[in-house]
Amino acid sequence: AFYRPNYMLLASYSSRPNDAAFKQLFTALEAEDAELDSTEAQFQISFKARLWATENRRFGVWAAYTQQNQWQIYNDELSRPFRETNYQPELLVSYDPDLSFGGFHWRLLNFGYNHQSNGRSDPISRSWDRLIAELGIERGNFALLVRPWLVIDDGGDDNPDITDYYGHGDITGVYKRKGHSFSLMARGNIDSKKGAAQLTWTSPAFLGPLRAYVYGFTGYGQSMIEYDWKQNVIGVGLALNDLLDGSLRER
């Protein structure tokens, strides 16, 4: 089953490509003048599988996996490399409270273990481990997803200050109307005054399951290699599902 959005950005433009993270590699390859392209491709695959559930499926255990890739497909000078790949396996305990209050319907309560890393060696290795809770409520065409997390391993020397940029949770609002889906995610750390916001639009399906997809991001942590790098990103492409298809919809 789908989990997070599955999409392919055919073109993703960054206002500030993160060349700094790769300077040591460029030097080792005797390519000191090498540069990343501002425009690349980006895609994400995300799915989950139910391991166990009660008969009414209100309570269950799930395994999930999400992978995000940034691909310098238009950079022939660097042989079109995959610039960054983030791997994110999860184990979740999920419950559907099925409660209503004030016009809202409480449909989702998750708790689980999340590992995220880029599978690279030093000096560009990034990783951390978290315990994440997720609460989801709906009202008409609107849904709100709240995810606080507790960091149990901050990656040591790889990214010891990662919570300064990612904070201790995120909030996502989703609005659906006539097949269109709009989402806005915000996260940050009040003490460090650093954070990020992500805005997406998903169209109704127009070719089988395919939908148009527009992605915007501003702030820190667009991927793990950029957890402490600030930039603005805009991308266009195709998607198979939106966030609600895999979170509140599939129990």
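Structure's up top.
Residues numbered from 1 in each chain as written. Predicted model: local features only at pLDDT ≥ 70, side-chain atom pairs only at ≥ 80, totals over all residues. Heavy atoms only, no water.

Caption draft 1: Expanded view of the nonpolar core. With nine residues, the main nonpolar core is built from Trp128, Ile132, Trp149, Ile162, Tyr165, Tyr166, Tyr220, Met224 and Tyr227. Breaking this core down by element, the ones donating at least two residues are strand E7 (127-139) and helix H2 (163-166). Those residues in contact with Tyr227 that lie beyond four places of it in its chain are Arg126, Asp158, Asn159, Asp161, Ile162, Tyr165, Tyr166, Tyr220 and Gly221. Listed in part, the eight residues of the second largest apolar core include Ala196, Tyr215, Phe217 and Ala239. (Core = buried A, V, L, I, M, F, W, Y, C linked by side-chain atoms within 4.5 Å. Buried < 20%, exposed > 50% of the residue type's maximum accessible area, 1.4 Å probe, protein only. Helix = DSSP H or I, 4+ residues; strand = E, 2+ residues; numbered from the N terminus. Contact = heavy atoms within 4.5 Å.)

Caption draft 2: Main features of the side chain of Ser117. Position of Ser117 relative to the elements: it lies in strand E6 (residues 104-117). At 3.1 Å, the side chain of Ser117 and the side chain of His115 are in polar contact. Leaving out residues up to four positions away in the same chain, Ser117 has contacts with Thr85, Asn86, Tyr87, Arg126, Ser127 and Met224. (Polar contact = N/O pair within 3.5 Å; in protein donor to acceptor, adjacent residues only side chain to side chain.)

Caption draft 3: Layout of the pattern of salt bridges. Enumeration according to the criterion identifies 10 salt bridges in this entry. Measuring nitrogen to oxygen at the nearest pair gives 2.6 Å for the salt bridge that ties Arg83 to Glu226. Here Arg83 is found in strand E4 (residues 82-95), whereas its partner Glu226 is found in the loop between strand E12 (211-220) and strand E13 (230-239), with 143 residues between them in sequence. Here Arg83 falls in the buried class, since its relative accessible area comes to 6%. The partner of Lys176 in a salt bridge is Asp242, with the nearest N and O atoms 2.9 Å apart. Here Lys176 is found in strand E9 (residues 169-177), whereas its partner Asp242 is found in the loop between E13 and helix H3 (243-246), with 66 residues between them in sequence. In this structure, a network of salt bridges that share partners links the residues Lys176, Arg211, Asp242 and Asp245. (Salt bridge = Lys/Arg side-chain N within 4 Å of Asp/Glu carboxyl O.)

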